[in-house]
Structures are given as structure tokens and as C-alpha cells.
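One letter stands for each residue in the lines below.
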Protein chains: 2
Amino acid sequence: MLASRAPLAESNARLAAARRLTRRAVRRETGRFLAEGPQAVREALARPDVVVEIFATAEALSRHASVVEAAAVPVAQISRKAAAALSETVHPQGIVAVCRRVDVPLADAFARRPRLGAALVEPNDPGNLGAILRTADAAGADAVAVGGGGVDVYNGKAVRASAGSLFHLDVVVDVVVADLLTAARSAGLLILATTSGGSRDLDDVPLAEPTLWLFGNEARGLPASVVEAADENVRVPIYGRAESLNLAAATALCLYASARAQVRPPRAS
Amino acid sequence: MLASRAPLAESNARLAAARRLTRRAVRRETGRFLAEGPQAVREALARPDVVVEIFATAEALSRHASVVEAAAVPVAQISRKAAAALSETVHPQGIVAVCRRVDVPLADAFARRPRLGAALVEPNDPGNLGAILRTADAAGADAVAVGGGGVDVYNGKAVRASAGSLFHLDVVVDVVVADLLTAARSAGLLILATTSGGSRDLDDVPLAEPTLWLFGNEARGLPASVVEAADENVRVPIYGRAESLNLAAATALCLYASARAQVRPPRAS
């Protein structure tokens, strides 16, 4: 299956080890995960010491030659079937990087004095989680914390949906929410809980100061104790007949409201 | 499999007919589709003459008794296995309504003088499409048009992700984009195309007037001809290092910007 310069037995063992990274327990144990697709591989390579090795089909090696050529790590050619086995998505991209985990400790994220952070408490959908990382990055957030259990940020679908943003942000995982709130308060951040019954409308909350947004599980929302512990609880206004917004849309609206209020310069297009 | 009062052979034939509605060609041919889950069934029942019949497991019948009791249509009890066969989602909800299609002709949607509309050109992901319907509804949009081919609004995943909003909006399907633009222009709507290279920033576009937003395919964006035909092309600002926003996030930001500018009253929470 492999066509790298390494002896075949060694290469096949490495491929088998990579395949095991589709399991959360193995990712946790090894501290490694898979980043699939040319964009994710490119963004992973842009961070020092993240990519361990790359597996790609012949077709992907030729199509994404510029990505692979820039890599100072082993690159192994694999079959389409092997590429599909490394993929957790419906349409395998044919190129996968084995990466070292990139999350940072909670204290490190706060030591960098974040102006805008988001915390996801018990998110349950990996695609949603990845999309929210992408949105947080687009809004200029500094950090995203994932806590209270829930889906793994290194799940293949989450990594892919993040479209590289996993590698741009200070991502904190396995966060104990009480610790997060203590750290955010010490750092002087305004703590805002989002909830459909929030007492303040998003458009009426002053957002110029450094802010940590708390978002709950898609179905259940935030635990009541977390809502109570926040400085304010905020609802996104509903103008039509929908019962609520989905998590990804609510996140986009809240984080962009902060980005505007903090008067960030948008990136030149 | 069925435990309704209808003779078994007849009931099984109806269940088999419902199961065929998981195929787009059959939906198109029959003008019917499946709405899964208690919320979708409730919202479908709230519209006259939409629900033809309901299939539910014993468990769902007891859990959602209030939904089913309000229904003036046949209700058949089915096995869990049969419920799974009617489902296009990973976690079957155990309750499914066979519905008549609810889309409206383009002319009807414009005859109602929409203030805010969205058009999705070649959307490719049913979950995204449904989430965008939900967001458009939340933003108080009147109409959503889906055109240029792409995924079916009656796909089970799209219906479920819309969380009932499919039944709240004027949805227009199979739209020819040129016809849509002509109709929007005659109705006096401002036509805004979203594109990452848009010449105006979302925050700088006057949005108080009736507006039709155009959104393109997740991967390819809008065709150049459509961008050129619009009154303005608009970019959502990117403050961080993400290359772009995903379609659902961009839609939320654009439609909510319109809702704010049009000074709609948010629904009381």
C-alpha cells in the first residue's frame, strides 16, 4: 500500500498506527491526530513541529505537489483505499497529515491576554464544532475553549470543518467550566452566557471590552449554573417564527458583534 | 410492522410508499416528502392540508402524544426498524409525517411583497440548506429561493435541519436564477451578491430597503455572471486568519444585518 522510501514493513506499521488515530482513545493516548485535506495539511505545516508525517494517494501527491514539496517530514504514498480508511468524512481528500496535538493549557491562553474568546460547553456535533472554530477565527477571536465533555476537537470531521482554523487559535480542551470562569474573571474578561431566554438582547449589550462568550450544547443549551455564573445572559433576537437559531449561527452573530464593537480592522480582501 | 386500524396489507403498502419518499425522484413524481421528528411534524400539522399521514413507533406515540392527538390525519404505529428506514438522519426520531410539498411559485412569493429574501444558488449540503432556512426564518426573512440545481429542500436531512422553518417561509424551488433576478428587480428589491472578493464590506452597505441576498455554493461560491448581475457584491469582513466563513455563518451575518437595518421588532422572548 505504501510507496515511500522506508522499508515496506515499517511503512505499513506506520500506516496502521495512523489509522488507529481515527479512534478518540488512541488520539488521547498518543497525543496525535489526523488532519485531512490539502487546506488542513497546509495550515498544519505552517506551524512548527506539528506535522509528523504525511500520507497521500498518487493523485493527491500530483495535485497538491506544492503542499507536499514544502514539507520537511516523511511523505508516504498510499492507495485510495488506505486513504479512505484514514478519513472520517464522506468524501476522502486523499491527503492526510499525522499531527501532534496543538491545544494549549488554559493558563497559557489567558497569559496571552485574549480580547475575544469563546467557550463551547458540551458540544455534540463534530462538524458544528469545527465550523465554530472557523467562525471564531474569522471573527478575530484569540481563543476557543471546549469543556464539559462532548465531542473531540481532534475528531476528523471537526478538524476538516475548521478549515485550518484549529491551527490558528489558542484551543483549550477538556476545560472544567468553573476553572475557565475563574481564569476569565481574573483576566478581567466580561463573561456572557448565550441562552434563548437571555435577559439582554445581543444588540443592547456593550461589547467593546475583552469578552468571553459561553455557548451551550445544541439541544440542551448551557447548564443553569453556568448561566447564573456569567456576568450577563444574552439572547440573540428572533425576528421570525423560528423557535431558535442553531448553535453555529448564534456563534457567528455573537462573535461578529464583538468584533465590530471592539473595532478590529478587517483583513484587506 | 404496522398497528393502525387499516387492514394490514393496505398499511404495509402505505409504509412502503412512504419509504420510497427517501428518494428524490419519487418525491418529485409524487409531490410528497417526509418530515421527521416531533418538531417538524408539529410545524407541518400547523399548516392546513400539508400532512397526509403520520408513522410513529409505540415509544414516539407515547412520548409525543400531544402532537399526535392534535392530528386529523391517519396515524400508524410502526416498528423501530421501519422508522429507521423512513429516516435519512443518523438518529431516527421515531415519528415521521408524509407531507404534501409546500413550496410556492416564484410569482406568488413576490406577489406577497417580500422585504427580505435569500437565494441559494447550487447549495450542496442538505444539513446546511436546512440550517440556512432556519436562520432565514429567525432573521424574519419572507422567502428563500433555491436554484441552479443542487440539493433538494425536501431531503430528509434538510427538512430536519430546518427545524420547522421550511413550513414558515415562502420557499421557491428549482429557480432559474435569471428569472429570479428579473422578478426581484421588478419588485424593487435591492439585489446583493455575497462573495469573498466583494467590493463592499457588509458593514458599509445600506440595508434598510427590501433586499434579496444571493448566496453561492459552499465550495465554488456564486457564478461570476450572477455576481455581475447583482446591484452590489458584498464581502463579510474577516478579522482573523480564516480564509473565509462557511455558508451558514455568512448567511446568518448578512440576513441579521438586514433585519437590524430594516428595524424589525424582535419577537418577545
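The shown structure was predicted, so the numbers you read here are calculated from the model rather than taken from an experiment.

Re the sheet that holds strand β3 (residues 75-77) of chain A
All names here are of chain A. Read from one edge to the other, the open sheet built from four strands follows the order β1-β4-β2-β3, with strand pairing classed as mixed. A single partner strand is all that each edge strand has here, and the edge strands are β1 (32-36) and β3. The sheet shows a mean angle of 20° between the axes of neighbouring strands, direction not considered. As paired strands, β1 and strand β4 (residues 95-100) are joined by five bridges and run antiparallel to one another.

Some words on helix α12 (residues 247-261) of chain B
Residues and elements named next belong to chain B. In this model α12 runs 21 Å from its N-terminal to its C-terminal C-alpha over 15 residues, within 8% of the 21 Å that 1.5 Å per residue would give. α12 sits mainly inside the fold: 13 of its 15 residues count as buried. V263 sits one or two positions beyond α12 and adopts a positive phi of about 50°.

Details of the sheet that holds strand β9 (residues 200-201) of chain A
Residues and elements named next belong to chain A. Spatially, β7-β6-β5-β10-β8-β11-β9 is the arrangement adopted by the seven strands of the open sheet, whose pairing is parallel. The open sheet is flanked by β7 (170-175) and β9, the only strands paired with a single partner. On the sheet, helix α10 (residues 177-186) packs against β5 (116-121), β6 (143-147), β7, β8 (190-194) and β10 (211-215) and is oriented at approximately 160° with respect to β10. Against the sheet, helix α12 (residues 247-261) contacts β5, β8 and β10, and its axis sits at roughly 170° relative to β10.

Side note on the nonpolar core
One finds W213 of chain A together with W213 of chain B to be the most contacted residues of the largest nonpolar core, which totals 123 residues. Discounting chain neighbours no more than four positions away, the residues touching W213 of chain B are L116, G117, A118, A119, L192, T194, L202, L207, V234, C254, L255 and S258 of chain B.

Cut-offs applied
- Residues numbered from 1 in each chain as written.
- Chains lettered and ligands numbered in written order.
- Predicted model: local features only at pLDDT ≥ 70, side-chain atom pairs only at ≥ 80, totals over all residues.
- Heavy atoms only, no water.
- Pairing = 2+ DSSP bridges.
- Helix = DSSP H or I, 4+ residues; strand = E, 2+ residues; numbered from the N terminus.
- Axes fitted to C-alpha atoms, helices over the stretch in contact; angles between N-to-C directions.
- Expected span 1.5 Å × (residues − 1).
- Buried < 20%, exposed > 50% of the residue type's maximum accessible area, 1.4 Å probe, protein only.
- Contact = heavy atoms within 4.5 Å.
- Core = buried A, V, L, I, M, F, W, Y, C linked by side-chain atoms within 4.5 Å.

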